[in-house]
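Descriptive structure summary
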Amino acid sequence: MAEVIIVEDKNSFGEMLKSNLEDAGINCRFVRRGREALAAFKKEKFDVALLDLKLPDIDGIDLLRELRKFESDTHFIIMTAFGSIEKAVDAMRHGADDFLTKPIDIDELIKTVNQLLDARRCRYENILLKDETASRKPFQIVGRSAALKSATDLLQKVAVTDTTVLILGESGTGKELFARACHNLSRRSSFPFVPINCAAIPRELLENELFGSEKGAFTGAAARKLGKFELAHRGTIFLDEIGDLDLDLQAKILRVLQERTFTRLGGTYLITVDVRVIAASNRDLPVLVKAKNFREDLYYRLSVFPITVPPLRERAEDISLLIVHILARLRAKRVVSDEAVEKLTRYQWPGNVRELENTIERAVIISKDTLRPEHILLPETGFEKSRRREAGTLKETSSQAQEIAEADLIRRVLEQTRGNKTAAARLLDVSYKTLLNRIQVYKEKDLL
């Protein structure tokens, strides 16, 4: 997308301006007629417009009024001959931001354009800062296990590209942390990283959050709202829990991925954005695709480069390092006893790193100088209870292990189908009655 559009009827002068601005690192588009500018504004948005008031096909003031109807956020710089200062002042009254007299001082032009671009970025960053104060937390990817190293190696390889990334993993494993690292290692790192949790916002509000809306688009829309895709221009948008999107929004996300365009709610023209998409899910997307709850074409567009973040139970050797890191972040001066470390290492961590963080923070509150096993308060999971019910024979042990695995599979499939037992039975290839019986049995055994 061009950042600047130049509207100038003299070809040599317009090409000279375009060449000098592009040499300064500013993307430009040059048109020679007011009607061409109107057509361009209907298709895309521009940060700054350099507008000559003397055009052969339309009065410059009238053109300014029309262009501002399309995009009120665009900054307008008027270019005028020395004898037309009064008309330039009149243009300022109609919404222009500045004016320059011909012959144009190129250094002054570049300085003015950069100031307007910086002001625009600052305004966007203020919006993002208001919405995303958590983005400034100093988190790091901590660990030395082979499972974690395998995932981070993939991350480093893909970060330097613009490839769409799909980050998979259980809840609490650090998928957003991986997404932020991918952005920070990319060429887009100086531009916004915009996260949005697709599961945390009601469907009727999520479309507005993603794509924005025009004034009057719906009851209560008192002003134009910029959506997350627009705020992420030239940066990265992180679509967390994308498996929870409904099918209508999935279709709109697919269009952005394919065409890099979208329309605000209540809008009448396409907005073009340059955005890298990183998506994440703790759900089994192929299962959702099979159940017709997730678009197959969107899944293939998102999973160009999948990365699976390993669960904490598969990287137990990282727990001691994570404990030190969490204590440092909490600024808690504590010694951790070997017995406490052992207790933390034995636990299965269904909530992964997030659960470990909460557990350590709770232990810090109730301890003084040393974290001991009694300060480590862990919930009893079905897995832990089953471990205490050790069987006396190999056959009994095998049977219990099978029940635990089967109960876990049923739990995960029910999560994927959002509790729809008919769909779950179909995916598990059992009858509906058999599934109900298994659920009842495993609930009685505290496995579900």
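In this report, the structure presented in the accompanying data block is examined. (Residues numbered from 1 in each chain as written. Predicted model: local features only at pLDDT ≥ 70, side-chain atom pairs only at ≥ 80, totals over all residues. Heavy atoms only, no water.)

1. Digging into the sheet that holds strand 2 (residues 28-31)
Spelled out, the test is: Strands pair, by our definition, only if DSSP identifies at least two bridges between them. Secondary structure elements are defined from DSSP: runs of H or I of at least 4 residues count as helices, runs of E of at least 2 residues count as strands, and each element is numbered from the N terminus. Note on geometry: axes are lines fitted to C-alpha atoms, helical ones only across the stretch in contact, with angles between N-to-C directions running from 0 to 180 degrees. Residue contacts are defined here by distance: any two heavy atoms, one from each residue, within 4.5 Å place the two residues in contact.
Taken together, 5 strands build an open sheet; the order of strands is 2-1-3-4-5 and the sheet is parallel. Strand pairing shows two members of the sheet lacking a second neighbour, strand 2 and strand 5 (98-101), which therefore form its edges. Pairwise comparison of adjacent strand axes, ignoring direction, gives a mean angle of 20 degrees for this sheet. Bridge count between strand 3 (residues 48-52) and strand 4 (residues 75-80): 5 bridges; the pairing is parallel. Each residue of the ladder has a partner; that of L50, found in strand 4, is I77. Helix 1 (residues 11-23) rests against strand 1 (4-7), strand 2, strand 3 and strand 4 of the sheet, and its axis sits at about 175 degrees to strand 2.

2. Observations concerning the sheet that holds strand 10 (residues 236-240)
In a beta sheet, neighbouring strands pair by backbone hydrogen bonds and run either parallel or antiparallel. Read from one edge of the open sheet, 5 strands run 7-10-13-6-14, paired in parallel fashion. Since the sheet does not close on itself, it has two edges, and those belong to strand 7 (193-197) and strand 14 (305-308), each with one partner. On average, each strand axis in the sheet is inclined to that of its neighbour by 20 degrees, with strand direction left out of account. Against the sheet, helix 7 (residues 175-184) touches strand 6 (165-168), strand 7, strand 10, strand 13 (276-281) and strand 14, its axis set at about 160 degrees to strand 7.

3. Quick word on unusual backbone geometry
The following threshold applies: Burial classes: relative accessible area under 20% of the type maximum marks a residue as buried, over 50% as exposed, and values in between as partly exposed (1.4 Å probe, protein chains only).
For the bond from K102 to P103, the omega torsion is 0 degrees, close enough to zero to count as cis. Considering the arrangement of structural elements, one finds P103 in the loop between strand 5 and helix 5 (106-131). One non-glycine residue with positive phi stands out, namely E241, at about 55 degrees. Its identity is not glycine, yet R418 carries a phi of approximately 55 degrees, on the positive side. Mapped onto the secondary structure, R418 falls in the loop between helix 17 (394-416) and helix 18 (421-428). Residue R418 is classed as exposed on the basis of its relative accessible area of 54%.

4. Topic: the environment of M16
Position of M16 among the secondary structure elements: in helix 1. Assessed through its relative accessible area of 30%, M16 is described here as partly exposed. On a C-alpha basis, the gap between M16 and I106 in space is 9.6 Å, while along the polypeptide they are 90 residues apart.

5. Observations concerning the packing of aromatic side chains
Under the convention used in this document: By convention, a stacked pair of Phe, Tyr or Trp rings (six-membered ring in the case of Trp) has centres within 6.5 Å and planes under 30 degrees apart, an edge-to-face pair has planes over 60 apart, and any other such pair is tilted.
Tallied over the full model, the rule gives 8 aromatic pairs. Between Y347 and W349 the ring centres are 4.6 Å apart and the planes differ by 85 degrees, which places this aromatic pair in the edge-to-face class. Residue Y347 shares its accessibility class with W349, and that shared class is buried. Through successive ring pairs, a cluster of aromatic residues spans F41, F46 and F76.

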